Amino acid sequence: MACVLTHARVGGLWLALAGIAAAADVPAGLDKVGKPDLKSAQALAFGPKGILFVGDPMGAQIFALGVTPPASAAPIGPGFKLEGVDTKIAALLGTKADDITIHDVVVEPGTNLAYVSVSRGRGPSAEPALVRVDGRGNITPVPLDNVPYAKVTISNAPPADAKDKRGQSLRAGVITDLAYMDGKLFIAGLSNEEFASKLRSIEFPFKGSDTATSVEIFHTNHNAVETRSPVRTFVPFNVGGEPQILAAYTCTPLVTFPVSALKPGTKVRGKTVAELGNRNTPLDMIVYEKDGKQFLLLANTARGVMKISAENLDKQPALTERVSGTAGLPYETIESLKGVEQLDKLGDSHALLLVRSGGLDLEVIALP
């Protein structure tokens, strides 16, 4: 018996040491190892090095995943183009392009590798997947079976079977976009409350549930205060030296919210700084600097890609009356960019785009 016990202690010690060695490679803040119970994978954002945040609206939760690319993965650079990425991803998942939906594309800073969130199938039974794309056009699945991760639940989410007046899932809108800044993850989406539109912030490493602020705007095209429509896409942005959330809504007001005002349980009205036109949904947005000036690049469903000057954003008066056309911050439509559905910065001078041209392509452009 003594021999058996000694062997058990030695084996246990070896396992403990192996666990410590493995933990040394795990990014701080990831407190679990295993298979994340993802119900969906949609909005993505990178946080601290090696950590990918994944919005799971159907599960009303957010995951922080440790991602370690293979050493052989080549970074994406200028001149990159991968045609038919939807067909190639579908083949990897064992299906056809018309059976998948690409939700988001983000670039990991430092490695310049792209991560793509995908649904295989339609409706509540759709299966989530994450894939990685490198500069040689290699597409590989992001492992989800035995990975370091952490998760946090979204409070006051609409019920899983709740639908709006058009029969669309309200749960699908509980997470519409994500962004990480200064140790906090910011989340836009819906709640089940009367003032449904929310901007949430969660400290990382996750320490508890989210802190949610009800946000409302004056919707210039509708000539009304809007409390139920969610932010569709946003970026954290310094305005006059103050951290702000710059958010775009359907039909298409552009609004700022001071981060300092986003306090738990409060209601905040944003400052509408532009009306970019009706019958349009914003899809994705980045902020960048060129020739010493700051700009936004905003992709839309119906109004192309807009380059918006952010130079006088802090001085822009709030729009408080009905606008039937466009008003506020000046912009130009980049006529050469058609069919852009997603975009993310690739370094300081380029962007990676997901472009629909029959199928879907990934390509790199110089920032305009």
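In case you missed it, the structure is sitting above this.
In this text, all values refer to a predicted model and were calculated from it rather than measured experimentally.

Caption draft 1: Quick peek at the overall build of the protein. A tally of regular secondary structure across the protein gives two helices and 28 strands. A compact globule built from 368 residues should have a C-alpha radius of gyration of about 21 Å, and the protein, at 22 Å, falls within 12% of that. Each of the three principal axes of the protein carries a C-alpha extent, and together these read 85 × 45 × 45 Å. In the protein, the proportion of contacts linking residues at least 24 apart, taken out of those at least 6 apart, comes to 54%. Entry remark: accessible area of the protein is about 17,000 Å², with carbon and sulfur atoms responsible for 52%. In the protein, the 37 positive side-chain charges and the 38 negative ones have mean positions that sit 3 Å from each other.

Caption draft 2: Spatial organisation of the sheet that holds strand β3 (residues 51-56). Spatial strand order, β1-β10-β4-β3-β2: five strands in an open sheet with antiparallel pairing. Two strands bound the open sheet, and with one partner strand each, they are β1 (32-34) and β2 (44-46). Mean inter-strand twist for the sheet, computed between neighbouring axes without regard to direction, equals 30°.

Caption draft 3: Looking closely at the nonpolar core. Counting 23 residues, the largest nonpolar core has V85, I89, I102, L352 and L362 as the members making the most contacts within it. Elements supplying a minimum of two residues to this core: α2 (85-92), β6 (100-108), β7 (113-120), β8 (127-133), β27 (350-357) and β28 (359-366). It is β6 that contributes the most residues to this core, four residues altogether.

Caption draft 4: Just the packing of aromatic side chains, in detail. Across all of its chains, the model carries seven aromatic pairs by this definition. Consider the rings of F63 and Y149, whose centres lie 6.0 Å apart with planes at 50°: the pair is tilted. Taken together, the residues F63 in strand β4 (residues 61-66) and Y149 in strand β10 (residues 147-153) connect sequence positions 86 residues apart. For F63, a relative accessible area of 0% gives the class buried. In this structure Y149 comes out as buried when scored by relative accessible area, which is 11%. Each residue in the set F53, Y180, F204 and F206 is aromatic and connected to the rest through ring pairs, giving one cluster.

Caption draft 5: Geometry of the side chain of E275. For E275, the position within the fold is in strand β20 (residues 271-275). Despite being buried, E275 has no salt bridge partner; R303 is the closest side chain of opposite charge, sitting 6.8 Å away. Among the polar contacts listed, one links the side chain of E275 to the backbone nitrogen of T252, at a separation of 3.0 Å. Once you skip the residues sitting within four places of it in the chain, E275 turns out to touch H219, T220, N221, C251, T252, P253, L319, V323, G325, T326 and A327.

What counts as what
- Residue positions within a chain follow its written sequence, with the count starting from 1.
- Where totals are concerned, whole chains, interfaces and linings use all residues; where local detail is concerned, this predicted model gives features only for residues with pLDDT of at least 70, and gives and counts side-chain atom pairs only at 80 or more.
- To get the side-chain values, take all heavy atoms of the structure and skip hydrogens and water.
- Each helix is a run of H or I in the DSSP string that is no shorter than four residues. Each strand is a run of E no shorter than two, and both are numbered from the N terminus.
- Values of the radius of gyration come from C-alpha atoms, whereas the globule rule sets the reference at 2.2 Å times the count of residues to the power 0.38.
- Whether two residues are in contact is decided by their heavy atoms: any pair within 4.5 Å suffices.
- Calculation of accessible area relied on Shrake-Rupley with a 1.4 Å probe; when residues are assessed, cover is drawn exclusively from the protein chains displayed.
- This count recognises Lys and Arg as positive and Asp and Glu as negative, with His and chain-terminal groups excluded.
- Charged groups are reduced to one reference atom each: NZ for lysine, CZ for arginine, CG for aspartic acid, CD for glutamic acid.
- Only strands joined by at least two bridges in the DSSP assignment are considered to pair.
- Every angle, taken between N-to-C directions, lies between 0 and 180 degrees, and every axis is a line fitted to C-alpha atoms, over only the stretch in contact when it is a helix.
- Here, nonpolar core means buried Ala, Val, Leu, Ile, Met, Phe, Trp, Tyr and Cys residues that are tied together by side-chain atoms lying within 4.5 Å of each other.
- Residue exposure (1.4 Å probe, protein chains only): buried if accessible area is under 20% of the type maximum, exposed if over 50%, otherwise partly exposed.
- When the centres of two rings from Phe, Tyr and Trp lie within 6.5 Å, Trp using its six-membered ring, the rings pair. Their planes under 30 degrees apart give stacked, over 60 give edge-to-face, and anything left gives tilted.
- The rule for a salt bridge is simple: a side-chain nitrogen of Lys or Arg has to be within 4 Å of a carboxyl oxygen of Asp or Glu.
- Counting of polar contacts relies on pairs of N or O atoms within 3.5 Å, with two restrictions inside protein: one atom must be capable of donating a hydrogen and the other of accepting it, and residues adjacent in sequence are counted only when both atoms are side-chain atoms.

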